[in-house]
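Here's the letter readout for the chains.
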Amino acid sequence: MPATLARMVRWQWKTFSELTVGELYDVLALRSRVFVVEQRSIYLDPDGLDHPSHHLLGWDTARSRPTLVAYLRVLPPGLKFPEASLGRVVVAPETRGQGLAAPLTAQALDFLDARYPGVATRISAQHYLQAFYERRGFHAEGGVYDEDGIPHIEMRRRAR
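Residues numbered from 1 in each chain as written. Predicted model: local features only at pLDDT ≥ 70, side-chain atom pairs only at ≥ 80, totals over all residues. Heavy atoms only, no water.

### Quick notes on the side chain of histidine 152
Stage number 1. Relative to the helices and strands, histidine 152 is located in strand 8 (residues 150–157).
Stage number 2. From its side chain, histidine 152 meets the backbone oxygen of isoleucine 150 in a polar contact 2.8 Å long.
Stage number 3. For histidine 152, the residues in contact, after removing those within four places along its chain, are Ser124, Ala125, Gln126, His127, Gly143, Val144, Tyr145 and Glu147. (Helix = DSSP H or I, 4+ residues; strand = E, 2+ residues; numbered from the N terminus. Polar contact = N/O pair within 3.5 Å; in protein donor to acceptor, adjacent residues only side chain to side chain. Contact = heavy atoms within 4.5 Å.)

Structure, rendered in structure tokens:
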């Protein structure tokens, strides 16, 4: 089952201005469903960082209407950190465990390496995902801290 869903997902890169109103709605709905409702973290998701970012959308095309099942944004160097960054990495709850997180992050890291060669990547990862990101070349910097009521850890990946 995991490989099947991953094969049916259509990955799409867009700048903020390229997002349609419907796509933006789907992005904000998925992010809110997971980060605000599921994780019970009351915070303002539209944080002003979406406009200069690149957005990776993963659409499940096996449904009658393509459905957003995975998403992340890539922030350019100097926007949130001196390094480039990934953020709002999310897989829809009903599709977790079906092999989407690995291709989602792999595409983002390939994009970062091509778009910002020689630039490191820094993330603020939810602490429980530390091992996942370590397998992708990140290492922890500093200790665990609270961000919006959830334990996080800052992690860095060397420039490629």
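### Some remarks on the pairing of strand 8
Stage number 1. Relative to strand 8, strand 5 (residues 121–126) is paired through six bridges, and the arrangement is antiparallel. Looking at strand 8, one finds that serine 124 is bridged to glutamate 154.
Stage number 2. Where strand 6 (residues 138–140) meets strand 8, three bridges bridge the pair, whose relative direction is antiparallel. Across the sheet, phenylalanine 138 pairs through a bridge with arginine 157, a residue of strand 8.
Stage number 3. Two elements, strand 7 (residues 145–147) and strand 8, share three bridges in a ladder whose sense is antiparallel. Opposite tyrosine 145, over in strand 8, you have histidine 152 as the bridge partner.
Stage number 4. Between strand 7 and strand 8, which pair antiparallel in sequence order, lie two residues; one of them, aspartate 148, sits at a positive phi of approximately 55°. (Pairing = 2+ DSSP bridges.)

### Here's the deal with the pattern of salt bridges
Stage number 1. Going through the model one piece at a time under the given rule, you end up with 16 salt bridges.
Stage number 2. Here arginine 122 and glutamate 83 are joined by a salt bridge, their closest N and O atoms 3.0 Å apart. Linking arginine 122 in strand 5 with glutamate 83 in the loop between strand 3 (67–75) and strand 4 (84–91), this pair joins segments that are 39 residues apart in sequence. Comparing arginine 122 with glutamate 83 shows no difference in burial state: the two are buried. (Salt bridge = Lys/Arg side-chain N within 4 Å of Asp/Glu carboxyl O. Buried < 20%, exposed > 50% of the residue type's maximum accessible area, 1.4 Å probe, protein only.)

### Observations concerning the environment of valine 9
Stage number 1. Locating valine 9 in the fold gives a position in strand 1 (residues 9–15).
Stage number 2. Judged by relative accessible area, valine 9 falls into the buried class, the value being 9%.
Stage number 3. For the pair valine 9 and leucine 129, spaced 120 residues apart in sequence, the C-alpha to C-alpha distance is 23 Å.
Stage number 4. With residues up to four places along the chain from it excluded, the contact list for valine 9 reads Gly58, Trp59, Val69 and Leu100.

### Remarks on helix 3 (residues 101–115)
Stage number 1. With 15 residues, helix 3 extends 21 Å between its outermost C-alpha atoms, agreeing within 8% with the 21 Å of an ideal straight helix rising 1.5 Å per residue.
Stage number 2. Listed in full, the buried residues belonging to helix 3 are Leu104, Thr105, Ala108, Leu109, Phe111 and Leu112. The arc enclosing the buried residues of helix 3, seen along the axis, measures out at 160°, which places them on a common side. Along helix 3, the residues that are exposed and aim more than 90 degrees away from the buried face are Asp110 and Ala114. (Expected span 1.5 Å × (residues − 1). Arc of directions from axis to C-beta.)

### Side note on the pairing of strand 3
Stage number 1. Of all nine residues in strand 3, nine are buried; the element is thus mostly enclosed.
Stage number 2. Note that strand 2 (residues 54–60) and strand 3 share seven bridges and pair antiparallel. Opposite glycine 58, over in strand 3, you have alanine 70 as the bridge partner.
Stage number 3. In textbook terms, the turn of a hairpin is the stretch between consecutive antiparallel strands, and for strand 2 and strand 3 this stretch comprises six residues.
Stage number 4. Pairing of strand 3 with strand 4 involves five bridges; the strand directions are antiparallel. Looking at strand 4, one finds that leucine 75 is bridged to serine 85.

### As for unusual backbone geometry
Stage number 1. The phi angle at arginine 88 is positive, at roughly 50°, despite the residue not being glycine.
Stage number 2. When its relative accessible area of 17% is taken as the criterion, arginine 88 is described as buried.

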